[in-house]
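Fold and geometry: a report
Letter by letter, the chains look like this.
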Amino acid sequence: MQGRMGRENKLDGNASAGTLQAIFPFEMTEVMVTCAGCGASNVIGETAAYVSGMGTIVRCPSCDRALIRIARLEGRSYLDLRGSRVLRIHADG
Amino acid sequence: MEGTAVLGRLNWQLGEVVATRPETPRTKSITLDVPGWTGHRPGQHVDLRLTSEDGYHAERSYSIASPPEDRSRVTLTVERIDTGEVSPYLTDELHEGDQLELRGPIGGYFVWEASMGGPLFLVAGGSGIVPLMAMIRHRAAAGPSVATRLLYSSRSLGEIIYRDELDRLTQSSPGLEVAHTLTRETPPGWAGYRRRVDADMLRDVAWPPDQNPLTYICGPTPFVEGAATILAGLGYGPQRIKTERFGPTG
């Protein structure tokens with residue numbers, strides 16, 4: 001992985017994992033996300049991610065809907081999950 | 001593996017630069033000693049954060065090149081992007097004894113460990129070799145019986161990262177085969193491929209589909225999507241193909 005968090009660029013969900021894992025206490029690339037639009041389920045590592053100085057958008061690889069939006073401003077994280085119907089997190093380890 | 005997914009939230013921590021090594025004219029390896037490093041899995045990455053005097057932060061993600069056997073020593077290989085904010089600092093200004101903020105290890109999807117077996121097929125485009133090198137180094141230390149093939153696409157001979165080490169490992173580590181392709185310039189007498197990765201090349205180099213190989217592809221987005229699409233068309237099950245894409249930002 002090289003310089004993934006520079007100007008906006010289509011990457012994969014692996015690039016969003018550090019930002020997500022600063023919020024959620026779980027390994028996030030294997031979290032299954034179900035798209036609220038088309039219903040496709042993918043692990044976050046297989047989604048598309050757009051990372052810029054403004055924030056990170058994780059998109060559905062099937063229909064391109066924004067599944068997860070994360071912005072950071074003045075020490076706070078803003079997480080918009082309206083594009084995700086379900087997050088399946090393996091959390092009982 | 002999902003079974004190891006509970007980790008806790010990531011926090012920034014400090015590492016100290018203990019070594020730097022130029023790999024090619026545009027890439028440099030940086031080894032950090034990270035006190036309290038919890039260990040990583042080959043294929044994982046870290047986020048680095050630089051803070052300017054006025055408090056402005058710039059974050060970038062870099063794959064880990066070193067194997068977990070190096071314990072608290074974590075080596076990253078950074079490609080210099082001339083117009084970048086972070087990579088020129090890392091490749092030009094950083095010296096032994098400097099401290100860097102990082103968080104990680106990150107990722108569990110694009111990961112290979114010796115216990116996952118093989119045969120292993122690794123496909124790298126440019127600096128996409130970095131996480132695959134962690135797998136190759138880990139294999140040499142912990143899983144030398146896993147038959148492994150690497151197909152590595154570079155622009156020119158001088159841009160092949162880890163070239164000498166890969167040559168050495170193919171000599172010393174039976175069961176590791178490396179095929180290079182050069183896409184822009186080839187030296188006289190070059191015996192490797194001399195074109196972009198295509199279906200004929202993948203058919204030549206990949207393990208046959210009936211051996212059910214585990215495949216990891218890393219490189220720029222079009223490279224990865226091209227190789228993954230070709231392999232799917234050749235009959236490789238998508239469940240056994242893992243991809244990691246990145247863009248050349250700096």
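Described in the following lines is the structure provided in the data block. Note that the structure is a prediction, hence the values are computed from the model and not measured. (Residues numbered from 1 in each chain as written. Chains lettered and ligands numbered in written order. Predicted model: local features only at pLDDT ≥ 70, side-chain atom pairs only at ≥ 80, totals over all residues. Heavy atoms only, no water.)

Let us now look at helix α5 (residues 221-233) of chain B. Residues and elements named next belong to chain B. When the terminal C-alpha atoms of α5 are compared, their 18 Å separation across 13 residues agrees well with the 18 Å that a helix rising 1.5 Å per residue should span. Buried within α5 we find T221, F223, V224, A227, A228 and L231. One side of α5 carries all its buried residues, which in axial view fall inside an arc of 165°. Summarising the geometry of α5, the exposed residues directed more than 90 degrees from the buried face are P222, T229 and G233. Backbone geometry just after α5 places G235 at a positive phi near 100°. (Helix = DSSP H or I, 4+ residues; strand = E, 2+ residues; numbered from the N terminus. Expected span 1.5 Å × (residues − 1). Buried < 20%, exposed > 50% of the residue type's maximum accessible area, 1.4 Å probe, protein only. Arc of directions from axis to C-beta.)

Turning to the packing of aromatic side chains, a few remarks are in order. Residue and element names in this part refer to chain B. One pass over the structure, following the stated rule, counts 1 aromatic pair over all chains. Residues F110 and Y216 carry aromatic rings whose centres are separated by 5.3 Å and whose planes lie at 85° to one another, so their mutual orientation is edge-to-face. Highlighted residues: F110 in the loop between β6 (99-106) and β7 (120-125) and Y216 in strand β10 (residues 214-220), separated in sequence by 106 residues. Given a relative accessible area of 2%, F110 falls into the buried group. Over the aromatic face of Y162 sits the side chain of R137, whose NZ or CZ is 4.9 Å from the ring centroid. The residue whose ring lies beneath R149 is W207, and the NZ or CZ to ring-centre distance is 3.7 Å. (Phe/Tyr/Trp six-rings, centres within 6.5 Å; stacked < 30°, edge-to-face > 60°. Lys NZ or Arg CZ within 6 Å of the ring centre and 35° of its normal.)

All names here are of chain A. Pairing in this open sheet of 3 strands is antiparallel, and the strands run β3-β2-β8 from one edge to the other. Taken across any chain shown, the strands that pair with only one partner, and hence form the sheet edges, are β3 (41-43) and β8 (84-88). Within this sheet the neighbouring strands show an average axis-to-axis angle of 25°, counted without direction. When strand β2 (residues 32-35) meets β8, the two strands line up antiparallel, connected through 4 bridges. Within the sheet, the bridge partner assigned to M32 lies in β8 and is R88. (Pairing = 2+ DSSP bridges. Axes fitted to C-alpha atoms, helices over the stretch in contact; angles between N-to-C directions.)

None of the figures reported here should be taken as evidence of function without further support.
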